[in-house]
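Geometric and topological summary
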Amino acid sequence: NARAYWVSRLGWWWYAGGLLVPTGLIVWGINDPEQSPPAKFSKWIGLTDLISSFTADFAKPSHDKLLPDWAHMPNVPHD
């Protein structure tokens with residue numbers, strides 16, 4: 001019975017250490033990208049630049065002007 005208790009407790013520590021701690025570090029690095037130690041470490045090893053270069057194509061708009069000039073549209077009533 002005592003062994004089952006410690007095995008169940010070990011499972012909780014496994015989740016706390018393996019899931020909550022890394023998640024907390026990632027959230028801390030995202031919320032404070034300039035001063036937090038996780039963000040500084042990410043910049044130091046080059047992970048920030050790698051992610052930025054990968055996502056730059058997705059984040060960049062496909063057109064310079066995303067909305068048209070409504071005054072030049074023939075089917076839009078003018079005020």
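See the structure printed just above.
Since the structure is predicted, the reported quantities are computational estimates derived from the model, not experimental observations.

A short note on the overall build of the protein chain
A tally of helices and strands in the protein chain yields 3 helices and 0 strands. The N-to-C order of helical and strand elements in the protein chain reads α-α-α. In terms of overall size, the protein chain is more extended than a compact globule, its C-alpha atoms giving a radius of gyration of 24 Å where 79 residues would be expected to give roughly 12 Å. Considered along the principal axes of its C-alpha atoms, the protein chain spans approximately 80 × 35 × 20 Å. In the structure as shown, the protein chain presents an accessible area of about 7,600 Å², 67% of it carried by carbon and sulfur atoms.

What to know about a nonpolar patch on the surface
There is a patch of nonpolar side chains on the surface, built from Phe-41, Trp-44, Ile-45, Leu-47, Leu-50 and Ile-51 and spanning about 680 Å² of accessible area. Residue assignment for the nonpolar patch shows that the elements contributing at least two residues are helix H2 (37-45) and helix H3 (47-59). If you trace the backbone, Leu-47 turns up in helix H3. Classification of Leu-47 by relative accessible area gives partly exposed; the value is 37%.

Rules used throughout
Residues numbered from 1 in each chain as written. Predicted model: local features only at pLDDT ≥ 70, side-chain atom pairs only at ≥ 80, totals over all residues. Heavy atoms only, no water. Helix = DSSP H or I, 4+ residues; strand = E, 2+ residues; numbered from the N terminus. Rg over C-alpha atoms; globule rule 2.2 N^0.38 Å. Areas by Shrake-Rupley, 256 points an atom, 1.4 Å probe, with all protein chains shown as cover. Patch = residues over 30% accessible without salt bridge, like charges linked within 9 Å, V, L, I, M, F, W, Y side chains within 5 Å. Salt bridge = Lys/Arg side-chain N within 4 Å of Asp/Glu carboxyl O. Buried < 20%, exposed > 50% of the residue type's maximum accessible area, 1.4 Å probe, protein only.

Interpretation in functional terms is not warranted from these geometric data alone.
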